[in-house]
Amino acid sequence: MSFVVAIDGPAAAGKGTISRAVAERFGLAHLDTGLLYRAVGAKVLAGGDPVDVARALDPVDLENDDLRTPAVAQAASEVAVIPQVRRALVDFQRAFACRAGGAVLDGRDIGTVICPDADAKLFITASPECRAARRHKELMDRGMDHTFENVLADVRARDARDSDRATAPLIPASDAVQIDTSDLTIDAAVAQAVAVVAAARQQKG
Ligand code: C5P
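Given the structure is predicted, the values throughout are model-derived calculations rather than measurements.

(A) Representation of the nonpolar core in the model. Core analysis: the biggest nonpolar cluster contains 20 residues, and Val-5, Ile-18, Val-22 and Val-197 have the highest contact counts within it. Listing elements by their share of this core, those giving two or more residues are β1 (4-8), α1 (15-26), β4 (120-125) and α9 (186-204). The dominant element in this core, judged by the number of residues it contributes, is α9, at six residues. Dropping the residues within four chain positions of it, Val-5 is found in contact with Leu-28, Ala-103, Val-104, Leu-105, Ala-120 and Val-197. Membership of the second largest hydrophobic core comes to 18 residues, among which are Leu-35, Ala-54, Val-79 and Ala-80.

(B) Examining unusual backbone geometry more closely. Backbone geometry places Ala-12, a non-glycine residue, at a positive phi of 60°. With respect to the element layout, Ala-12 can be found in the loop between β1 and α1. Residue classification places Ala-12 among the buried positions, given a relative accessible area of 13%. Positive phi outside glycine occurs at Ala-168, with the angle close to 50°. If you trace the backbone, Ala-168 turns up in the loop between α8 (148-164) and β5 (177-180).

(C) Representation of the side chain of Gln-74 in the model. If you trace the backbone, Gln-74 turns up in helix α4 (residues 70-79). In this view, Gln-74 contacts Asp-154, Ala-157, Arg-158 and Arg-161; residues no more than four positions away in its chain are not counted.

(D) Structural context of the environment of Asp-117. On the secondary structure map, Asp-117 appears in the loop between α6 (110-114) and β4. Along the sequence, Asp-117 and Val-5 sit 112 residues apart, while their C-alpha atoms lie 9.6 Å from each other.

(E) Looking closely at the site of the ligand. Close contacts around the ligand come from 15 residues, with Arg-38, Arg-86, Arg-108, Arg-158 and Asp-162 the closest. Between an oxygen atom of the ligand and a side-chain N or O atom of Arg-108, the distance comes to 2.9 Å. Take Arg-158: an N or O atom from its side chain is 2.8 Å from an oxygen atom of the ligand. Starting from 450 Å² of accessible surface for the ligand in isolation, the protein chains cover 98%. Listing elements by their share of the shell around the ligand, those giving two or more residues are α2 (34-45), α4 and α8. Residue composition of the shell around the ligand, by class: three nonpolar, four polar and eight charged.

(F) Main features of the packing of aromatic side chains. As enumerated under the stated definition, the model contains zero aromatic pairs in all. Across the ring face of Phe-26, the terminal group of Arg-25 is positioned such that the distance to the ring centre comes to 4.9 Å. For the cation-ring pair, Arg-201 lies above Phe-3, with the distance from its terminal atom to the ring centre recorded as 4.7 Å.

(G) Structural detail: the pattern of salt bridges. Within the structure shown, the criterion is met by twelve salt bridges. One salt bridge connects Lys-204 with Asp-119, and the closest N-O pair in it is separated by 3.1 Å. Note that Lys-204 is positioned in helix α9 and Asp-119 in the loop between α6 and β4, a separation of 85 residues in sequence. Accessibility expressed as a relative area gives 40% for Lys-204, which makes it partly exposed. By relative accessible area, Asp-119 is classed as partly exposed at 29%. In this structure, the salt-bridge partner of Arg-135 is Glu-138, at a minimum N-O distance of 3.3 Å.

What counts and how
Residues numbered from 1 in each chain as written. Predicted model: local features only at pLDDT ≥ 70, side-chain atom pairs only at ≥ 80, totals over all residues. Heavy atoms only, no water. Core = buried A, V, L, I, M, F, W, Y, C linked by side-chain atoms within 4.5 Å. Buried < 20%, exposed > 50% of the residue type's maximum accessible area, 1.4 Å probe, protein only. Helix = DSSP H or I, 4+ residues; strand = E, 2+ residues; numbered from the N terminus. Contact = heavy atoms within 4.5 Å. Near = heavy atom within 4 Å. Polar contact = N/O pair within 3.5 Å; in protein donor to acceptor, adjacent residues only side chain to side chain. Areas by Shrake-Rupley, 256 points an atom, 1.4 Å probe, with all protein chains shown as cover. Nonpolar A, V, L, I, M, F, W, Y, C, P; charged D, E, K, R; others polar. Phe/Tyr/Trp six-rings, centres within 6.5 Å; stacked < 30°, edge-to-face > 60°. Lys NZ or Arg CZ within 6 Å of the ring centre and 35° of its normal. Salt bridge = Lys/Arg side-chain N within 4 Å of Asp/Glu carboxyl O.

The values reported here are purely geometric and, on their own, carry no functional implication.
Below you can see the structure in the form of structure tokens.
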């Protein structure tokens, strides 16, 4: 059965963790669409042209180990404002969503632009301070030395760029269920998401 779950939200709100857990729980394939923009951003930092790079992107590019740095995240959100870059990445995402057995896609515009007919839509949020604290801990755990203030400034800059851009801005789809994870444990957030998806699956029959 084809079954699509769209999970959107700002950076470090918990959508990656929730998406992986939902995919595993329901046996669905998972695509972190941020990796597409990060892969383009990384190649642009290395001197490539954003639109050419996006048009030539290969799935192997998503396996680059260096895509999780703050510099690549900022570069990703800069290339993500370019309409031709976004257009070049649509087909890959929609093909992934259509795969037999169903899929979970997480990003910024999955429920609004990529999969407006998704069977279940979630919008995951948390306060900027809370998201920055999580990202800061993650970076420290990986041995990357950044101050909390810098990480918070990065989160705010990315939020502003993602929300204010003209094409596919970060906004909840009107039919998305919103989950604020600021004061939730991971288990509690995952449980809420799983309940929404289980209800949608039951409704589809
Ligand atoms: O989700 P992640 O933080 O890896 O995404 C990196 C950047 O890619 C985001 O800040 C956003 O600008 C862009 N992005 C997007 N649309 C998506 C996924 C990510 O614009 N569907």
